[in-house]
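Commentary on secondary and tertiary structure
Listed below are the residues making up each chain.
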Amino acid sequence: MPTIIINLGQESARKHIEEMVRLDPLLEIREWPDIGNPEDIDIAMVWQMPHGELAKFPNLKMIVSMAAGVDHVFLDPLRPKGIPIVRVTNPHMARSMGHWFLMNILRLHRETVYFDALREEKIWPPEIAFDTDSVSVGILGLGYLGTHVAQMLKAVGLKVQGWSRTEKNIDGIQSFSGEFGLDQMLVDTNFLACLLPNTQATKGILNFRVFNKMPQGSYVLNAGRGSQLVELDLLQALDNGQIRGAALDVFETEPLPTNHPFWTDKRILLTPHHAAEVYLPAVVKTFLDNIYRSRNNEPLIGLVDEELGY
Ligand code: NDP
Ligand code: OXD
């Protein structure tokens with residue numbers, strides 16, 4: 001009997017196993033690290049599995065990333081090659097990501113930190129008018145999530161453009177690609193929203209060069225991966241006024257170390273890698289669907305390109 005293993009935090013793993021077995025009592029699922037005989041395992045459902053563990057399953061047929069990102073799988077140097085990897089592509093997650101960007105763009109644009117500080121002192125603010133038409137969002141990454149985010153932001157009246165490896169045709173969203181395209185987009189972007197996957201090509205992409213191409217006093221938002229932001233460049237750009245504020249959900253080191261300057265920097269809005277969750281009730285059917293597809297040799301949902309690494 002082929003078997004699935006699942007590695008998540010203990011409580012989360014239990015919930016996933018309970019729900020999957022409730023929907024299909026014939027499934028045999030083991031919770032890592034109680035794997036039994038490694039030869040039994042045909043499917044591994046993983047999130048940040050310790051490196052080297054996947055290599056222990058000689059009969060593995062599919063790796064399921066329990067996330068949208070697959071960097072946690074690709075970063076394992078011992079990962080078995082040539083085995084299909086699937087990831088979460090889910091409308092619930094996309095809506096959630098859209099909400100995160102919308103919430104933070106508006107928090108930055110509408111100066112909520114400033115108003116909160118005045119409130120602490122019981123100060124009624126001076127006259128202030130927001131130039132809503134000035135908001136121009138540039139999204140790095142127009143993939144599954146980036147496209148949904150672009151459409152949501154567009155639907156609330158913001159100007160939106162996007163950059164990706166290959167050019168896109170999305171109604172009302174100007175699309176850019178390549179290094180020249182990036183520079184073209186940046187000159188007209190004052191809210192830079194990063195939703196790129198973590199690969200060699202995207203590492204450190206949010207850096208001083210990019211910030212300097214944007215209009216002075218712009219904002220940076222990152223929900224892609226922490227490795228994409230050069231943290232010191234951001235701090236310097238905030239100090240010299242090139243960047244006026246930021247919203248960050250992901251960090252070079254997670255959890256963010258307690259002595260990290262971002263914690264106390266009021267110019268930076270922080271969330272602890274919670275921009276968009278994998279919400280079990282919304283994804284469980286896709287997990288099951290992919291299990292059946294894998295076992296029946298049918299096309300998989302959310303299949304990752306091994307060459308591109310995302
Ligand atoms: P997709 O794979 O669907 O999209 C990735 C996009 O990035 C594509 O448009 C792709 O271009 C573009 N891209 C990749 N490499 C480059 C490059 N070198 N230059 C330009 N564009 C590039 O991913 P998703 O939209 O589903 O997810 C994106 C990322 O969001 C995940 O990898 C993960 O890191 C992060 N994430 C974060 C969460 C959080 O809570 N903070 C939650 C979920 C995801 P093209 O289309 O041309 O190939
Ligand atoms: C993801 C994440 O990639 O939550 O799904 O970061």
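Residues numbered from 1 in each chain as written. Chains lettered and ligands numbered in written order. Predicted model: local features only at pLDDT ≥ 70, side-chain atom pairs only at ≥ 80, totals over all residues. Heavy atoms only, no water.

1. With respect to the sheet that holds strand β4 (residues 62-65)
- What the five strands build is an open sheet, ordered β2-β1-β3-β4-β5; its pairing is parallel. Strands with a single pairing partner mark the edges of an open sheet, and in this sheet they are β2 (29-31) and β5 (85-86).
- Alignment of strand β1 (residues 3-7) against strand β3 (residues 41-46), held across five bridges, turns out to be parallel. The partner of Ile4 across the bridge, within β3, is Ile43.
- The strands touched by helix α1 (residues 10-23) are β1, β2 and β3; relative to β2, the strand with the most contacts, the crossing angle is about 170°. (Pairing = 2+ DSSP bridges. Helix = DSSP H or I, 4+ residues; strand = E, 2+ residues; numbered from the N terminus. Contact = heavy atoms within 4.5 Å. Axes fitted to C-alpha atoms, helices over the stretch in contact; angles between N-to-C directions.)

2. Structural notes on the site of ligand 2
- Inspection of the region around ligand 2 gives Ala67, Ala68, Gly69, Met93, Arg225, His273 and Ala276 as its neighbouring residues.
- Measuring from an oxygen atom of ligand 2, one finds a backbone N or O atom of Ala68 at 2.7 Å.
- One of the side-chain N or O atoms of Arg225 is found 2.8 Å from an oxygen atom in ligand 2.
- With the chains in place, 83% of the 210 Å² that ligand 2 exposes on its own is no longer accessible.
- Tallied by class, the residues present in the shell around ligand 2 amount to four nonpolar, two polar and one charged. (Near = heavy atom within 4 Å. Polar contact = N/O pair within 3.5 Å; in protein donor to acceptor, adjacent residues only side chain to side chain. Areas by Shrake-Rupley, 256 points an atom, 1.4 Å probe, with all protein chains shown as cover. Nonpolar A, V, L, I, M, F, W, Y, C, P; charged D, E, K, R; others polar.)

3. Quick notes on the environment of Asn59
- Locating Asn59 in the fold gives a position in the loop between β3 and β4.
- Overall, the relative accessible area of 33% leaves Asn59 in the partly exposed class.
- Remark: the alpha-carbon pair of Asn59 and Asp249, spanning 190 residues in sequence, is separated by 37 Å.
- A polar contact is formed between the side chain of Asn59 and the backbone oxygen of Glu39, at a distance of 2.8 Å. (Buried < 20%, exposed > 50% of the residue type's maximum accessible area, 1.4 Å probe, protein only.)

4. What to know about the packing of α1 against helix α9 (residues 280-295)
- Packing of α1 against α9 brings their axes to within 10 Å, and their N-to-C directions diverge by 60°. Here α1 lies oblique to α9, going by the angle between them. The handedness of the crossing between α1 and α9 comes out as right-handed. Within the contact between the two elements, α1 uses Lys15, His16, Glu19, Met20 and Leu23 and α9 uses Leu280, Val284, Phe287, Leu288 and Ile291. (Parallel < 35°, antiparallel > 145°, perpendicular 65-115°, else oblique. Left-handed = near helix turned anticlockwise from the far one by under 90°.)

5. Topic: helix α8 (residues 231-239)
- Looking only at α8, the buried set comprises Glu231, Asp233, Leu234, Leu235, Ala237 and Leu238.
- Looking at the buried positions of α8, the neighbouring elements they touch are α7 (208-213), β11 (243-248) and β12 (268-270).

6. Observations regarding the domain arrangement of the protein
- For the protein, the assigned domains are domain 1 (3-90 + 278-295) and domain 2 (91-270).
- Averaged C-alpha coordinates put domain 1 and domain 2 at centres separated by 32 Å.
- Of the roughly 790 Å² buried at the junction of domain 1 and domain 2 (both faces included), carbon and sulfur atoms supply 61%.
- Across the contact surface, domain 1 and domain 2 share one salt bridge.
- In this structure, the salt-bridge partner of Asp71 is Arg225, at a minimum N-O distance of 2.8 Å.
- Linking domain 1 with domain 2 are five residue pairs in polar contact (both at pLDDT 80 or more), by the criterion used here. (Domains from an automatic or database assignment. Buried area = accessible area lost by both parts, 1.4 Å probe. Salt bridge = Lys/Arg side-chain N within 4 Å of Asp/Glu carboxyl O.)

7. A short note on the site of ligand 1
- Every one of the 30 residues lining ligand 1 counts as a neighbour, but Arg87, Tyr144, Thr166, Lys168 and Tyr310 are closest to it.
- One of the side-chain nitrogen or oxygen atoms of Thr166 is found 2.5 Å away from an oxygen atom of ligand 1.
- The separation between a nitrogen atom of ligand 1 and a polar side-chain atom of Asp249 is 2.8 Å.
- Across the complex, the protein chains shield 91% of the 950 Å² of accessible surface that ligand 1 would expose by itself.
- At the level of secondary structure, the elements contributing two or more residues to the shell around ligand 1 comprise α3 (91-109), α5 (144-155) and β7 (159-164).
- Considering each element in turn, the shell around ligand 1 owes the most residues, three residues, to α5.
- Across the shell around ligand 1, the residue classes break down as 16 nonpolar, nine polar and five charged.
- For the shell around ligand 1, the two domains that each supply at least three residues are domain 1 (3-90 + 278-295) and domain 2 (91-270).

8. Description of the nonpolar core
- Judged by nonpolar contacts, the single largest core of 52 residues is most densely connected at Met45, Met97, Phe101, Val137, Ile139 and Leu153.
- The element contributing the most residues to this core is α3, with eight residues.
- Two domains each donate at least three residues to this core, and these are domain 1 (3-90 + 278-295) and domain 2 (91-270).
- The contact partners of Phe101, leaving out residues within four places of it in the chain, are Val149, Leu153, Ala193, Cys194, Leu195, Leu221 and Ala223.
- The next biggest cluster of nonpolar side chains, apart from the first, holds 27 residues, and it includes Ile205, Leu206, Met214 and Leu238. (Core = buried A, V, L, I, M, F, W, Y, C linked by side-chain atoms within 4.5 Å.)

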